[in-house]
Amino acid sequence: MNAALLDSYGTGDAREREESWRYSKAALRALSQHDFIDADAQASVSASLRAQFEWPQSTGRRLVFVNGAYSQTCSDASLLDDALMIEQASDRRVVLTIGAAFDGVLHLVYANVPGMQPSRWQATSEIHVPAGNASLIEQHVGEAGADVLGAIMTDIHVSARAAVHVTTLSDLPDSASLYRRTQATVDDDACYAVAHAILGGRLQRFDLGVELVGAHSRFDSRGVFALRGRQHADVHLDVRHGARDTACDIVWRGVADQRSRGIFHGAITVAAGADGADAQLSNKNLLLSPHAEIDTQPVLEIYADEVKAAHGATVGQLDERALFYLRSRGLPLEAARGLLIGAFCRSVFAGLAQTDLRERIEALLDTRIPAGGAGA
Amino acid sequence: MLKIENLHVSVAGKEILKGISLEVNAGEVHAIMGPNGAGKSTLGNVLAGREGYEVTQGTIEFDGKPLLALEPEARAAAGMFLAFQYPVEIPGVNNTYFLRAALNAQRKQRGESELDSMQFLKRVREKLAVLHLKDELLHRAVNEGFSGGEKKRNEIFQMALLEPKLAILDETDSGLDIDALKMVADGVNAMRASERAFIVITHYQRLLDYIVPDVVHVLADGRIVESGDKSLAHRLEEQGYAWIAERKLAGAA
């Protein structure tokens, strides 16, 4: 099972896959002790789970996948028209083409519904943005119960001069694990901008590969993981500047409390000939407990001339001076910690254009931020 | 209100305060002066409950109750306030949100009802006016991007808002121009009351021209070496702290 998981999860040859799963091998091994059966595509979605994704703002533009399979009953596509082409090759494979005339934000929901015993599902999607400016929300939710292991392979293609903004919000119970592998190609003058919040989950692995193949193409990435308990998140970004005057700007933050484990791997490669590239990567982390662990690896490989590049990564603790300042004004320790951690995470999303979405992420962060039982 | 007896405090194994006794009654303003490294800020920090200060001997009573066992937030709720020498910048934490949360946390601790945002804002407006602070500062993050003078005035503004029983001003005058100094003094004087006390820690006598103290103490090398009325501050200004060093030598001999 372990070997099989590694075969289907991750890119590159066996050695590369092995290496990229270095920090998550134990978590993966623990998961592979389970005997998984195929997850039920027809599983019913409870009202409380629905409440997590039935946002008034996305009414009529919501596509819901239950255990990886498209669910007509849960989706609400009433406002979708020809501007969005949905092609379904099978119930666990979907191809979306978002036309320039598409208006509003498309909400994709992946719901993990457990069965009586551990189950797994795998889905693939293709997203094409041939023109215009598309906005997507990709949300992952789950019901607590028996283990569910989901895997989604996504290909995104942003054509010349198009722009796509994707916000992914993955908020899972401790019994759900998720592997996401997203591969994006960005053409001339196109822009791919993503914001990610990774909360909860037993094991969340996220591989994002971005190929800046077109001149003047751009990739922006903002992300946060906030973990506690024995949660485990492993983020791998792999950006390749393959053309002239391409830019990437990556800002990620991580918070780990209790016995959780976070991994951030950010690799940027500037290929020969990709002159004028501008590559920025910043990763800051907060370690809230002596039993938590965060590993961060920024990797920069440059084969071109005339490149502007900067990268930095830190792992630190809460600022004791700030904590004392807040407490000296009367804020209890837990409230003061929560305020500082919240501010640390929120700063990443400060620039997010969709205000309602930012507020939603912030509210979620507030409930997921480790406040009580500091360092336990 | 505050009773310190034979207080010894060490920081990282080094003794900084070497037996301080001090009694401050409600309605009084005490000034603590002294050269760099005398232990003035240590005293303020120990009173507010900062970590890293080890009390090796002595007791502190605040309002008749032992203070040292209390967490910083409990001291604040009991009426202790420290205006920081170096106010901390806290990016991402909104000033208004923080102040309201702090005030309501204190009120809750004391069994008082929490203020709603209307009541809170009314109180904020009143206090802002006294310190000539711009409304705009409230919408920023705590102390972020504030000038040195704004930070110090913000400390006094917080004090005005929280209405403590005992306020400790740790070198609030340092780095202030004369106008800001006057505003700070006005803010403090407006709060002087029979049920409230102040400890004003400063290097210079100038602040004490505006906030006139009842008692002046000179702290040197971890001890209070001299106490007197406000004229003591003037003598220090004229003769410098070297004069104290001589007295200390005389005392030791």
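Higher on the page you've got the structure.
Residues numbered from 1 in each chain as written. Chains lettered and ligands numbered in written order. Predicted model: local features only at pLDDT ≥ 70, side-chain atom pairs only at ≥ 80, totals over all residues. Heavy atoms only, no water.

Draft legend 1. Focus on the interface of chain B and chain A. On the side of chain A, 16 residues touch chain B, which itself brings 31 residues to the contact. A combined buried area of about 1,900 Å² lies between chain B and chain A, and 67% of that area is made up of carbon and sulfur atoms. Between Glu 71 of chain B and Arg 327 of chain A there is a salt bridge whose closest N-O contact spans 2.6 Å. Between the two partners, chain B and chain A, sit 10 residue pairs in polar contact (both at pLDDT 80 or more). Looking at the side of chain B that touches chain A, the elements that each hand over two or more residues are α1 (40–48), α2 (72–78), β6 (80–83), β7 (90–94), α3 (95–109) and α6 (148–162) of chain B. A total of six residues in the side of chain B that touches chain A trace back to one element, the largest contributor, which is α3 of chain B. In terms of residue class, the side of chain B that touches chain A is made up of 20 nonpolar, six polar and five charged. (Contact = heavy atoms within 4.5 Å. Buried area = accessible area lost by both parts, 1.4 Å probe. Salt bridge = Lys/Arg side-chain N within 4 Å of Asp/Glu carboxyl O. Polar contact = N/O pair within 3.5 Å; in protein donor to acceptor, adjacent residues only side chain to side chain. Helix = DSSP H or I, 4+ residues; strand = E, 2+ residues; numbered from the N terminus. Nonpolar A, V, L, I, M, F, W, Y, C, P; charged D, E, K, R; others polar.)

Draft legend 2. Spatial organisation of the packing of aromatic side chains. All names here are of chain A. Tallied over the full model, the rule gives nine aromatic pairs over all chains. Look at Phe 65 and Tyr 70: their rings are 5.6 Å apart centre to centre, the planes differ by 65°, and that puts the pair in the edge-to-face class. Here the aromatic rings of Phe 65 and Tyr 110 are separated by 4.8 Å at their centres, their planes lie at 15°, and the arrangement is stacked. With Phe 65 in strand β2 (residues 62–66) and Tyr 110 in strand β6 (residues 105–112), this residue pair connects regions lying 45 residues apart in the sequence. For the pair Phe 65 and Tyr 110, one class covers both residues: buried. The rings of Phe 65, Tyr 70, Tyr 110 and Trp 121 are connected pair by pair, giving a single aromatic cluster. Between Arg 180 and the ring centre of Phe 206, over which it is positioned, the NZ or CZ distance is 4.4 Å. (Phe/Tyr/Trp six-rings, centres within 6.5 Å; stacked < 30°, edge-to-face > 60°. Buried < 20%, exposed > 50% of the residue type's maximum accessible area, 1.4 Å probe, protein only. Lys NZ or Arg CZ within 6 Å of the ring centre and 35° of its normal.)

Draft legend 3. Fine view of the environment of Glu 359 of chain A. With respect to the helices and strands, Glu 359 of chain A occurs in helix α7 (residues 355–368). Note: C-alpha distance between Glu 359 of chain A and Ala 193 of chain A (166 residues apart in sequence) is 18 Å.

Draft legend 4. Local environment of the sheet that holds strand β14 (residues 218–227) of chain A. Residue and element names in this part refer to chain A. Across the sheet, 10 strands lie side by side as β3-β2-β6-β8-β10-β12-β14-β16-β18-β20; this open sheet has mixed pairing. Two strands in the sheet have a free side with no partner beyond their single neighbour: β3 (69–70) and β20 (308–316). The pairing of β14 with strand β16 (residues 247–256) spans 10 bridges and is parallel. Bridge assignment links Leu 227 to a residue of β16, and that residue is Ala 256. Packed on one face of the sheet, helix α6 (residues 333–346) meets β14, β16 and β18 (278–287) and runs near 160° to β16. (Pairing = 2+ DSSP bridges. Axes fitted to C-alpha atoms, helices over the stretch in contact; angles between N-to-C directions.)

Draft legend 5. Main features of the pattern of salt bridges. All names here are of chain A. All chains considered together, the criterion is met by 34 salt bridges over all chains. The shortest N-O distance in the salt bridge between Arg 22 and Glu 19 comes to 3.2 Å. Its relative accessible area of 40% is what places Arg 22 among the partly exposed residues. With a relative accessible area of 40%, Glu 19 lands in the partly exposed category.

Draft legend 6. A look at the environment of Thr 167 of chain A. All names here are of chain A. Inspection of the secondary structure puts Thr 167 in strand β10 (residues 163–172). When the C-alpha atoms of Thr 167 and Leu 286 are compared, they prove to be 23 Å apart, with 119 residues separating the residues in sequence. The residues contacting Thr 167, other than those within four sequence positions of it, are Leu 136, Ile 137, Glu 138, Ala 195, Gln 354, Leu 357 and Ile 361.

Draft legend 7. Structural detail: the packing of helix α4 (residues 117–131) of chain B against α6 of chain B. All names here are of chain B. At a closest axis distance of 9 Å, the pairing of α4 and α6 adopts a crossing angle of 135°. The angle between the axes of α4 and α6 places the two elements in the oblique class. In this structure, the crossing between α4 and α6 has a hand that is right-handed. Across from Phe 120, Arg 123, Val 124, Lys 127, Leu 128 and Leu 131 in α4, the residues of α6 making contact are Arg 153, Ile 156, Phe 157, Ala 160 and Leu 161. (Parallel < 35°, antiparallel > 145°, perpendicular 65-115°, else oblique. Left-handed = near helix turned anticlockwise from the far one by under 90°.)

Draft legend 8. The arrangement of the packing of α6 of chain B against helix α7 (residues 178–191) of chain B in detail. All names here are of chain B. α7 packs onto α6 with a crossing angle of 10° between their chain directions and a minimal axis gap of 10 Å. Relative to α7, the element α6 is oriented roughly parallel. Along this stretch, α6 crosses α7, giving a crossing that reads as left-handed. Listed contacts from α7 to Arg 153, Ile 156, Met 159 and Ala 160 of α6 are Met 183, Val 184, Gly 187, Val 188 and Met 191. Residues of the contact of α6 with α7, tallied by class, amount to seven nonpolar, one polar and one charged.

Any functional reading would require information that these geometric values do not contain.
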